[in-house]
Structure formats: C-alpha cells, structure tokens
Amino acid sequence: MSIKTRAAVLSAMGAGHPYADSRPLSIETVTLSPPGPGEVLVAIRAAGLCHSDLSVINGDRPRPLPMALGHEAAGVVEALGPSLELEGVNDLQIGDHVVMVFMPSCGHCAPCAGGRPALCEPGAAANGRGELLAGGRRIFREGEAVNHHLGCSAFAERAVVSRRSLVKIDPELSFEEAALFGCAVLTGVGAVVNTAAVKAGQSVVIIGLGGVGLASVLGALASGASPVVAVDLSQDKLSLARSLGPVQTVNAADPDAVDQVRALTNGGADFAFEMAGSVRALENAWKMTRRGGTTVTAGLPPPDAALAVNVVSLVGEERTLKGSYIGACVPSRDIPRYVALYRQGRLNIVVNAHAMDLAAVGHRGDAPAISAVAVRVRDAQAAYGYVLER
C-alpha cells in the first residue's frame, strides 16, 4: 500500500538570494511506494541542514531534479521490506531508532570488500542517479518520479531508504543529537581519526568551522593533538572553537594568517584539514602544512574547481595530499564509537536545535522558513546544527 507524506522538494537549482523571496523548496504531499526487499520505512524525527543541501539548491553540486532534499537525519523504523520480515533478518525491528547515512554500502564491490564502504561503487552510482541502492525511486508526485537525495530525502515526514543507509542507535540518544552523527560528526571526526590517524602530540590546523570543521576540532582534541589551531572568517565561530577546549584560533581574513599558523605550529602543522569547500582554503592548508606533513580535504567545492600543486614540494618535502569522504567511515562501527565518546564527554558536540513543523520548513508565513536557516548558515552567522523536527 502506498503512503502519503509531506516532503521538501527542489524543482530547480540556482535560485537567487534571499531564499525567502526565491523559494527554492516547496513542501508537497508526495506518495511513497512501500519498502521493497532490503528497504525500510522511517518516520523522520529530526534532520540537520547541511552545506551539501545548500550546494544542491544553489547548483554547486548538480543533481537530477525534481529531488526531495535532506540527508542528515534520525528517526524511527515504521515498516520493514519483505526480505527483512520474511528472511529472518532481525537486526532492525519496528520501533528501533536509527541514523541515516548518505552513502549506502553494498558490501560486495571492491571498496566495500576492502573495508572502505564510504567508497561503495554501486552506492555512489545510485546516489548520482537519484535512486536507492536497489535501483529506482520510491517517491512520486502526481505520478512523476521524484529523485532521492543521497538515498535519504530526509526533509520529510517519512522516507523509504535502503537498510544499508541506516545505523541502529540507542533510543536514549535524542533525535536532535543523533541526526548530527550521520554527516557532520561522521565526516569531521572521521577525517581526523580514520583518514589522517592523528596521534597524541601531533599538531593540527582546521580551516573552515562549519559543522564538519567543528567536528574535526573535536576529533583532534579527542585524539590528543597539540596544538590544535582553528581558522575561519567568522569571529563567532572562532569563539565557539575556543570554547570546545584548548584551541588556538586565527582569523582567515588576516593577511598573515598562514604565517600565524606556521608560528603556532613551530614551522607548520603535521596535519592541515580543509573543511570549507574552497580551493583558496585548500591552498592555504597546503601552505600551513610542514615538510613531511599531510594535507587533508573533506570540502566539496563546485565540480569544476581545480588545485595546482607544486610537484617539487610534493616530492622533495615528502608531502601528502589526501581526500576524505564521509570520514573514511565504517558507519556501523564509527557511529556507535563516536556516540560513546560523546557520552563520555570526549566529543563536546554543540547541538543547536531549532524546532519547527515540516510545513514551516517550506513556509513561515509567506516565506520559506528553511530559507532563514539556510541564509544564516551560509552567511556564517551561527554555528552549524540547526535541526528541523517534525
């Protein structure tokens, strides 16, 4: 039996600012197909607004349209697809609390078999097509198929997703907290502990203090890095970074920002992390990295962005440049691990919950409420972590 639900649908990219006027998202009643084999119906309880959502809205990350947005969320299992009910698969049950992960992993391709599910090839292909891992779409608007955003489409009351896009969590964790572990924490902390494998006493600089960058700061502190230097254009975000622990800060607007970081790290950081999605920020991260050090980027600039690297420095200084996608995570391992660190007080995650009915996501009076949130995050006026709760 099909299911009626409301969802935030994007029909065209590149809307002008402010979004309160251009209204890029519309809250629409759509029809969900029931979950098929290996799929789950989830009632969304909280969803975070991530820069990746904004990148689809503004066209920096082109996706097939129309698309129901949202990929960082937590909710409750409402129904299981037939294979999960009939084949004795009991790792999920109706009523379980789950976090969505925006890269489903098939478990069989070469990256999955090699322990790198974040690079799942069928998962990436399905996400690029706007489909679920098993193929096809489960969202329809007046008979027209609506594309899935990264296999989640979580700005909605309900979503049908692959079982491989979900991680079961302890129900004592609030949905507002849990939602952030599916993207910001998984990506930011993972870049530090998985991709870079930072060790105690090594120096770290993080450029860009959005949700992922702040999570990287927390990951560096939890790893025992010293010193930890945070770089951003926003004084509010720099103040927030200092409140998380022993963190030194540099304003990226300072003409001598690179020199300041190199002085604070005794000649350059062992690890420099670019989390702003900016080529200029990545260039500065490279300059802030010491000889023999590693520059890591998890930022996602527009597809045509390119970086020029001095090959002599790369070789002669034994430098390393690495990408990090979803924190090189194994979701079923890492999300419970990061939740445990959070509960132990070792990941001082700041949850800035902004509750609203789903209708308010698309409209606050005559203007999309999500626009106010999107503009605030885009303009760096507030910390990441706005949560939209049904």
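All of these numbers come straight from a predicted model, not from anything done at the bench.

1. Quick look at the sheet that holds strand S15 (residues 289–297)
Taken together, the six strands give an open sheet; going across it, the order is S13-S12-S11-S14-S15-S16, and neighbouring strands pair in parallel fashion. The sheet is open, and its two borders are formed by strand S13 (247–251) and strand S16 (320–323), each paired with just one other strand. Between one strand axis and the next, the sheet turns by 20° as a mean value, whatever way the strands run. Looking at chain direction, strand S12 (residues 228–232) and S13 are connected through five bridges and run parallel. For Ala230, the partnering residue across the bridge sits in S13 and is Thr249. Across the sheet, helix H9 (residues 235–243) is in contact with S12 and S13; its angle to S13 comes to roughly 170°. Along the sheet face, helix H11 (residues 279–287) touches strand S11 (204–207), strand S14 (269–274), S15 and S16 and points at about 155° away from the line of S15.

2. Some remarks on the packing of helix H7 (residues 184–195) against helix H13 (residues 331–343)
Direction vectors running N to C along H7 and H13 enclose 95°, while the axes themselves pass 11 Å from each other. For the element pair H7 / H13, the angle class is roughly perpendicular. Touching Val185, Leu186, Val189, Gly190, Val193 and Asn194 of H7 are Arg333, Asp334, Ile335, Arg337 and Tyr338, all from H13. Tallied by class, the residues present in the contact of H7 with H13 amount to six nonpolar, two polar and three charged.

3. Some remarks on unusual backbone geometry
For the bond running from Leu65 to Pro66, omega is -5°, close enough to zero to count as cis. By the secondary structure assignment, Pro66 is in the loop between helix H2 (51–57) and strand S4 (67–68). Note the cis peptide between Ser226 and Pro227, where omega equals -5°. Within the element layout of this structure, Pro227 appears in the loop between helix H8 (211–222) and S12. In this structure, Arg23 takes a positive phi of about 50° despite not being glycine. Considering the arrangement of structural elements, one finds Arg23 in the loop between helix H1 (19–22) and strand S2 (25–32). Judged by its relative accessible area of 40%, Arg23 is partly exposed.

4. Brief notes about the packing of H7 against H8
Contact pair H7 / H8: the axes reach a minimum separation of 7 Å and the direction vectors enclose 45°. One way to sum up the angle between H7 and H8 is to call them oblique. Crossing of H7 over H8 shows right-handed handedness. In contact with Ala184, Val185, Thr187, Gly188, Val189, Val192 and Val193 of H7, H8 contributes Gly211, Val212, Ala215, Ser216, Gly219 and Ala220.

5. Remarks on the packing of aromatic side chains
Throughout the structure, instances matching the rule amount to three aromatic pairs. Taken together, a centroid distance of 6.0 Å and an interplanar angle of 80° make the contact between Phe102 and Tyr325 edge-to-face. Of this pair, Phe102 sits in the loop between strand S6 (97–100) and helix H4 (110–113) while Tyr325 sits in the loop between S16 and H13, and the two are 223 residues apart along the sequence. Positioned above the aromatic ring of Trp286 is the side chain of Arg319, whose terminal nitrogen or guanidinium carbon lies 4.0 Å from the ring centre.

6. Digging into the sheet that holds S4
Sheet architecture is closed into a barrel: five strands sit in the order S1-S2-S7-S8-S4, paired in mixed fashion. In terms of strand pairing, strand S1 (residues 3–10) meets S2 through eight bridges, oriented antiparallel. Among the inter-strand pairings, Leu10 is bridged to a residue of S2, identified as Leu25.

7. Focus on the environment of Ala222
Among the structural elements, Ala222 can be located in helix H8. Ignoring sequence-local partners within four residues, the contact set of Ala222 consists of Arg346 and Leu347.

8. Digging into the state of the cysteines
This model, assessed by the stated rule, comprises zero disulfides. Sulfur of Cys112: no disulfide; nearest cysteine sulfur belongs to Cys109 and is 3.7 Å away.

9. Focus: the confidence of the model for the protein chain
Looking at the protein chain as a whole, the pLDDT averages 88, with 88% of positions reaching at least 70. Every residue in residues 362–390 scores below 50 in pLDDT, and together they form 91 contacts with partners more than four places removed in sequence or on other chains.

10. Some thoughts on the nonpolar core
Counting residues in hydrophobic clusters, the biggest one holds 84 residues, and the most contacted among them are Met100, Phe181, Ile206, Phe273 and Ile335. Of all the elements, H8 adds the most residues to this core, at six residues. Ignoring sequence-local partners within four residues, the contact set of Phe273 consists of Ala191, Val192, Ala196, Val198, Val204, Val205, Ile206, Ile207 and Val296. With 13 residues, the next largest nonpolar core counts Val229, Ala257, Val261 and Ala269 among its residues.

11. A word on the pattern of salt bridges
All chains considered together, the criterion is met by 15 salt bridges. Of the charged contacts in the structure, one is a salt bridge between Lys168 and Asp96, with a shortest N-O distance of 3.7 Å. Residue Lys168 is found in strand S10 (residues 166–169), and its partner Asp96 is found in the loop between helix H3 (82–86) and S6; the two are separated by 72 residues along the sequence. Since its relative accessible area comes to 12%, Asp96 is described here as buried. Between Glu317 and Arg319 there is a salt bridge; the shortest N-O distance is 2.7 Å. With a relative accessible area of 9%, Arg319 lands in the buried category. Residues joined in a network through salt bridges with shared partners are Glu28, Arg141 and Glu144.

Reading guide: rules and limits
Position numbers for residues start from 1 in each chain and track the written sequence from start to end. Only residues with pLDDT of at least 70 get local features here, since the model is predicted, and only at 80 or more are side-chain atom pairs given and counted; chain-wide, interface and lining totals rely on the full set of residues. With hydrogens and water excluded, all non-hydrogen atoms of the structure serve as input to the side-chain values. A pair of strands is labelled paired if DSSP reports no fewer than 2 bridges between them. Helix numbers and strand numbers start at the N terminus; a helix is a DSSP run of H or I with at least 4 residues, a strand a run of E with at least 2. Axis definition: a line fit to C-alpha positions, over the contact stretch in the case of helices; interaxial angles, taken between N-to-C directions, run 0 to 180 degrees. What makes two residues a contact is simply this: any of their non-hydrogen atoms within 4.5 Å. Throughout, the term roughly parallel applies to angles under 35 degrees, roughly antiparallel to angles over 145, roughly perpendicular to angles from 65 to 115, and oblique to all others. Three residue categories are used. Nonpolar comprises Ala, Val, Leu, Ile, Met, Phe, Trp, Tyr, Cys and Pro, charged comprises Asp, Glu, Lys and Arg, and polar comprises the others, including Gly. Exposure is judged per residue with a 1.4 Å probe applied to protein chains only, and the accessible area is read against the type maximum: over 50% gives exposed, under 20% gives buried, and values in between give partly exposed. In this scheme the handedness of a crossing depends on how the near helix is turned from the far one: anticlockwise by less than a right angle means left-handed, clockwise means right-handed. Between the rings of Phe, Tyr and Trp (Trp by its six-membered ring), a pair exists once the centres lie within 6.5 Å; its type follows the angle of the planes, with under 30 degrees stacked, over 60 edge-to-face, and the other angles tilted. Here, a charge over a ring is recorded when the distance from Lys NZ or Arg CZ to the ring centre is within 6 Å and its angle to the ring normal is within 35 degrees. Note on terminology: pairs of cysteine sulfur atoms within 2.5 Å are recorded as disulfides. A residue's pLDDT is the confidence the predictor assigns to it, expressed on a 0 to 100 scale. By nonpolar core we mean a set of buried residues, namely Ala, Val, Leu, Ile, Met, Phe, Trp, Tyr and Cys, connected to one another through side-chain atoms within 4.5 Å. We define a salt bridge as a side-chain nitrogen of Lys or Arg found within 4 Å of a carboxyl oxygen belonging to Asp or Glu.

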